[in-house]
Amino acid sequence: MIRYLYNMDETDLKEQQREYDFTSILNHPENYSEEELREFFSRPENKTDYRLYRLAQMTANREYTASPDVDRAWNMFKRNTISSVKSSEKKTRWHVWGAALAGAAAVCVGLLIYHYAFLTSIVREPSLVAMEYDERPQVVVLESEGEQLHSFVRKDSISFFSPSETDKAPVVDKKVKMRTLSTPRGVDFKVTLPDGTDVWLNAESSLQFPTAFTKDSRKVILTGEAYFKVAHNKECPFVVETDKMKVRVLGTEFNFRNYASEKTQVSLIDGSISILPSSNSDSDIILKPGQGACVEEDGHIRVLQEVDTYGITQWVNGYFYFQNQPLIEILQDLARWYNVGVVFENSACANDKMHFSALRSASLAQAVDNLNCLQKVRIALEDNKLIVR
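Quick notes on the rules
Within any chain, residue numbers begin from 1 and follow the written order of that chain's sequence. Since the coordinates come from a predicted model, pLDDT governs what is reported: local features require at least 70, and pairs of side-chain atoms require 80 or more to be given and counted, while whole-chain, interface and lining totals use all residues. Based on all heavy atoms of the structure, the side-chain values leave hydrogens and waters out of the count. Comment: elements are numbered from the N terminus, with helices defined as DSSP H or I runs of at least four residues and strands as E runs of at least two. For every residue, the accessible area (1.4 Å probe, protein chains only) is compared with the maximum for its type, and the residue is labelled buried under 20%, exposed over 50%, or partly exposed between those bounds. Contacts: residue pairs with any heavy atoms within 4.5 Å of one another. With residues, only the protein chains shown are counted as cover, and all accessible areas are computed by Shrake-Rupley using a 1.4 Å probe. Directions from the helix axis toward the C-beta atoms define the arc. Polar contact is the term for a pair of N or O atoms within 3.5 Å; when the atoms are in protein, one must be able to donate a hydrogen and the other to accept it, and sequence-neighboring residues count only if both atoms are side-chain atoms. Buriedness for pockets is judged along seven lines, at least five of which must meet protein on both sides within 12 Å for an open set on the 1 Å grid over protein atoms alone, while cavities are sets there where a 1.4 Å probe fits but cannot get out, and lining residues have an atom within 4 Å of a point. Grid points are joined across faces, edges and corners, and a volume is the space filled by probe spheres set on the points. With axes taken as lines fitted to C-alpha atoms, and helix axes fitted only over the stretch in contact, angles between N-to-C directions fall between 0 and 180 degrees. Here roughly perpendicular refers to angles of 65 to 115 degrees, roughly parallel to angles under 35, roughly antiparallel to angles over 145, and oblique to all remaining angles. In a left-handed crossing the near helix is turned counterclockwise from the far helix by less than a right angle, and in a right-handed crossing that turn is clockwise. Residues are grouped as follows: nonpolar covers Ala, Val, Leu, Ile, Met, Phe, Trp, Tyr, Cys and Pro; charged covers Asp, Glu, Lys and Arg; every other residue, Gly included, is treated as polar. Two aromatic rings from Phe, Tyr or Trp, using only the six-membered ring of Trp, form a pair when their centres are within 6.5 Å; if the ring planes differ by under 30 degrees the pair is stacked, by over 60 it is edge-to-face, and anything between is tilted. The rule for a charge over a ring is simple: NZ of Lys or CZ of Arg within 6 Å of the ring centre, and within 35 degrees of the ring normal. Nonpolar cores were defined as sets of buried Ala, Val, Leu, Ile, Met, Phe, Trp, Tyr and Cys residues, with membership established by side-chain atoms within 4.5 Å.

> Whenever I open this one, the overall build of the protein chain confuses me. Can you help?
Of the regular secondary structure elements, the protein chain holds 8 helices and 24 strands. For the protein chain, buried positions account for 35% of its 389 residues. Partitioning the contacts of the protein chain with sequence separation of at least 6, the portion at a separation of at least 24 is 51%. Working note: accessible area of the protein chain is about 24,700 Å², and carbon and sulfur atoms make up 52% of it.

Here you go:
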């Protein structure tokens, strides 16, 4: 039983008790207190009615919710926002700068971490140094048994040949001494030996020869490159020795190249020569004009059936001439002539083969420009070095 105020007339007010049902609660919930509603819906038989009651309440709330006044809300927003922006403009600016600086600092720290944690872990391919710059004075020097006899600055040749001795056979001279003629980078030099043999020494080369030849042999020792025009003497062979190969001739023309960084190679221009390794382990090999021979890494000699004798001998005529040769060999020859170093930052192109020719009398800048015009590599001259990128 719930007490319900039935008669609202103050004079006739009296309490009455009655049983109320779900319909009256659903239609007029405002006439009941919370305690009365709790008591009614707590009864087991009314639990289902409670679910219907809550559903009716939610529906009523949705139906009677006022639509928003958009214009009024927008005006209030503008009023509040603009006023707050004006009052805190300075403060906001500092906040923005602070955020920007903090962001920049974070980026810098991130880049540093990336550099040391990632980039330093990458193993960079080292540059290939093909040749170093030579700081020594670049002059032609004549020595005798270790003592300097003369240096040649403005001369390009010297002769030890005496025409009056042409018809005389070589004699034994106990006082014979060895001389060494050395060319620096950027200079070639012609020497006429005591027997009348002409030798053109290329840059960075040396030739050891006696003050007089004996009756048994005419022997010289070569380092670097030289072109020989040997005076004919069938009774006394002319022998050129290197650390890897010997060449024996009676009278002929040939080019002999024996730089430390390259394979030793001899190319026959005219006549006939026999060659053998310095170790004398193999029998003589006879070459014919147009043929050549080189020493392999294992010391054995390999015959080259056809060599470009024209290109090989152009240095004697004042030209660089390279036909289908690796870039590293081309630049080593340029570096030897102009006395610069060679560094391959892009070592992958070191063995790229190409054709190139130039005057040896031209400047290094002209030679580099001509190479760059081939558009195969990019070469720059920096600090006395040719840098290949």
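Further notes follow.
> Can you walk me through helix H8 (residues 364-373) in this structure?
Think of an α-helix as 3.6 residues a turn; residues three or four steps apart then line up on the same face. Buried within H8 are the following residues: Leu364, Ala367, Val368, Leu371 and Asn372. Buried positions in H8, seen along its axis, are confined to an arc of 135° and lie on one side of it. The positive-phi residue at the C-terminal boundary of H8 is Gln375, with phi of around 60°.

> Would you explain the side chain of Thr197 in this entry?
Mapped onto the secondary structure, Thr197 falls in the loop between strand S8 (189-192) and strand S9 (198-201). Separated by 3.0 Å, the side chain of Thr197 and the backbone nitrogen of Ala231 make a polar contact. Ignoring any residue separated from it by four or fewer positions in sequence, one finds Thr197 in contact with Val191, Thr192, Arg218, Lys229, Val230, Ala231 and Phe238.

> Would you mind going over the layout of surface pockets with me for this structure?
A water-sized probe rolled over the atoms picks out the places where empty space is left. A volume near 850 Å³ is recorded for the largest pocket. Lining the largest pocket are 33 residues, and of these Arg257, Gln265, Ile312, Gln325 and Glu329 lie nearest its centre. The set of elements that each furnish at least two residues to the lining of the largest pocket consists of strand S14 (253-258), strand S15 (265-270), strand S19 (301-304), helix H6 (309-312), strand S20 (319-326) and helix H7 (327-338). Sort the elements by how many residues they give to the lining of the largest pocket and S20 lands first, with 8 residues.

> I tried to follow the packing of H7 against H8 on my own but got confused; where do I start?
What describes two packed helices is the angle between their axes and the distance between those same axes. The N-to-C vectors of H7 and H8 enclose an angle of 170°; their axes lie 11 Å apart at closest approach. When the axis of H7 is compared with that of H8, the two are roughly antiparallel. In the crossing of H7 with H8, the sense of the turn from one axis to the other is left-handed. For the pair H7 and H8, contact is made by Leu331, Leu334 and Tyr338 and by Leu364, Ala367 and Leu371, respectively.

> Explain empty space enclosed by the protein here, please?
Tallied over the entire structure, the rule returns 2 cavities of 30 Å³ or more. When its volume is computed, the largest cavity comes out at roughly 50 Å³. Lining the largest cavity are Asn202, Ala203, Tyr259, Phe320, Asp333, Arg336, Trp337 and Arg360. In terms of residues, the lining of the largest cavity owes the most to one element, H7, which gives 3 residues. Considering only residue class, the lining of the largest cavity consists of 4 nonpolar, 1 polar and 3 charged.

> What exactly am I supposed to notice about the packing of aromatic side chains here?
Centre-to-centre distance and the angle between the planes together describe a pair of aromatic rings. Counted by the stated rule, this structure contains 11 aromatic pairs. Look at Phe320 and Tyr338: their rings are 6.1 Å apart centre to centre, the planes differ by 35°, and that puts the pair in the tilted class. Of this pair, Phe320 sits in strand S20 while Tyr338 sits in helix H7; the two residues are 18 residues apart in sequence, bridging distant segments of the chain. Residue classification places Phe320 among the buried residues on the basis of a relative accessible area of 2%. We classify Tyr338 as buried; its relative accessible area is 19%. Feature note: the residues Phe320, Phe322, Trp337, Tyr338 and Phe356 constitute an aromatic cluster, connected by ring pairs. Above the ring of Phe320, the side-chain terminus of Arg360 is found at 5.3 Å from the ring centroid.

> How should I be thinking about the environment of Gly292 in this particular structure?
In this fold, Gly292 is placed in strand S18 (residues 292-295). Through-space distance from the C-alpha of Gly292 to that of Ser267 is 4.2 Å; in sequence the pair is 25 residues apart. Residues within four places of Gly292 in sequence aside, it is in contact with Val266, Ser267, Leu287, Arg302, Val303, Leu304 and Val307.

> What's the story with the nonpolar core in this structure? I'm lost.
For soluble globular proteins, the rule of thumb is that nonpolar side chains tend to be buried together. Counting 33 residues, the largest nonpolar core has Leu181, Leu207, Phe228, Val247, Phe254 and Val266 as its most contacted members. With 4 residues, the single largest contributor to this core is strand S11 (residues 218-229). Contact partners of Leu181, with chain neighbours within four places excluded, come to Val140, Val141, Leu142, Phe152, Ile158, Phe189, Val191, Leu201, Ser205, Ser206, Leu207 and Phe209. Among the nonpolar cores identified, the runner-up in size contains 27 residues, and Ala350, Leu364, Ala367 and Leu371 belong to it.

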